[in-house]
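# Analysis of the macromolecular model
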Amino acid sequence: MARKLNGIELTRYDDLFKTDAERETDHQERVQIVPAEQVFPYARQPYSVDRPSADLVRLMDSIERTGIAEPLIVRPREGGYEIISGHRRDYCAKVVGLDTRPVIVRNYSDEDADILVVDYNINRENLLPSEKAKAYKLKLDAMRRTAGRPAKNSGQLGQNFQGRASVDILAEQAEESRKQIQRYIRLT
């Protein structure tokens, strides 16, 4: 759009004649098609994506027939992009041999990414208790880091007001009881 030259910002000739609507469109998110080798799974992904299930078979069949209908949500990382939402779609696309992925790139902090990875998948059917446990712990730790509290105290749930407040918020968001959240987190 614009180029800087010794501290002076120069506008491209074409940009001078754009309408405000066209300038706004330039700043909106777009679906991009990227090579599969530039898309990586989220490092702290708490869910298993390759466990056989009827849902996974249907998803794989759909992707084989029509490709990936809904773009993956990713964030930039060194050497490519890290998946925030769409791990199962990416897995199925790898299995059927697709060499590109439709993605929407968003910039998320580690804490936001942890919370979103959990939120996008926590209501999925057939989650194992161990997956829920990892997901709840990941989200609780991210919530505590966001609030400025240490994440290491998650083993002492309920022993201070701050920890209790985080667990209560997580329980409300997950539509589970506080005690059930604590039980899941103890599994980790």
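In the block above lies the structure referred to throughout.
Residues numbered from 1 in each chain as written. Predicted model: local features only at pLDDT ≥ 70, side-chain atom pairs only at ≥ 80, totals over all residues. Heavy atoms only, no water.

### Quick word on the environment of glutamine 45
Position of glutamine 45 relative to the elements: it lies in the loop between β4 (39-40) and α3 (54-66). Between the C-alpha atom of glutamine 45 and that of glutamate 131, which follows or precedes it by 86 residues, the distance is 9.5 Å. A polar side-chain atom of glutamine 45 sits 3.3 Å from a polar atom in the side chain of histidine 87. (Helix = DSSP H or I, 4+ residues; strand = E, 2+ residues; numbered from the N terminus. Polar contact = N/O pair within 3.5 Å; in protein donor to acceptor, adjacent residues only side chain to side chain.)

### A closer look at the packing of helix α5 (residues 110-121) against helix α6 (residues 129-146)
In contact at an axis separation of 9 Å, α5 and α6 are set at 150° when each is read in the N-to-C sense. Looking at the two axes, α5 sits roughly antiparallel to α6. Here the hand of the crossing between α5 and α6 comes out left-handed. Between α5 and α6, the contacting residues are Asp110, Glu111, Asp114, Ile115, Val118 and Asp119 on the first element and Ala135, Leu138, Lys139, Ala142, Met143, Arg145 and Thr146 on the second. For the contact of α5 with α6, the residue count by class is six nonpolar, one polar and six charged. (Axes fitted to C-alpha atoms, helices over the stretch in contact; angles between N-to-C directions. Parallel < 35°, antiparallel > 145°, perpendicular 65-115°, else oblique. Left-handed = near helix turned anticlockwise from the far one by under 90°. Contact = heavy atoms within 4.5 Å. Nonpolar A, V, L, I, M, F, W, Y, C, P; charged D, E, K, R; others polar.)

### Focus: the sheet that holds strand β3 (residues 31-35)
Pairing in this open sheet of five strands is mixed, and the strands run β3-β7-β5-β6-β4 from one edge to the other. Of all the strands in the sheet, the pair left with one neighbour each is β3 and β4. Direction of pairing for strand β5 (residues 72-77) relative to strand β6 (residues 80-85): antiparallel, over a ladder of five bridges. What sits directly across from arginine 77, in β6, is glycine 80. Set on the sheet, helix α4 (residues 87-96) makes contact with β4, β5, β6 and β7 (100-105); between it and β6 the angle comes to about 120°. Strands in contact with α5 are β5 and β6; relative to β6, the strand with the most contacts, it is inclined by about 45°. (Pairing = 2+ DSSP bridges.)

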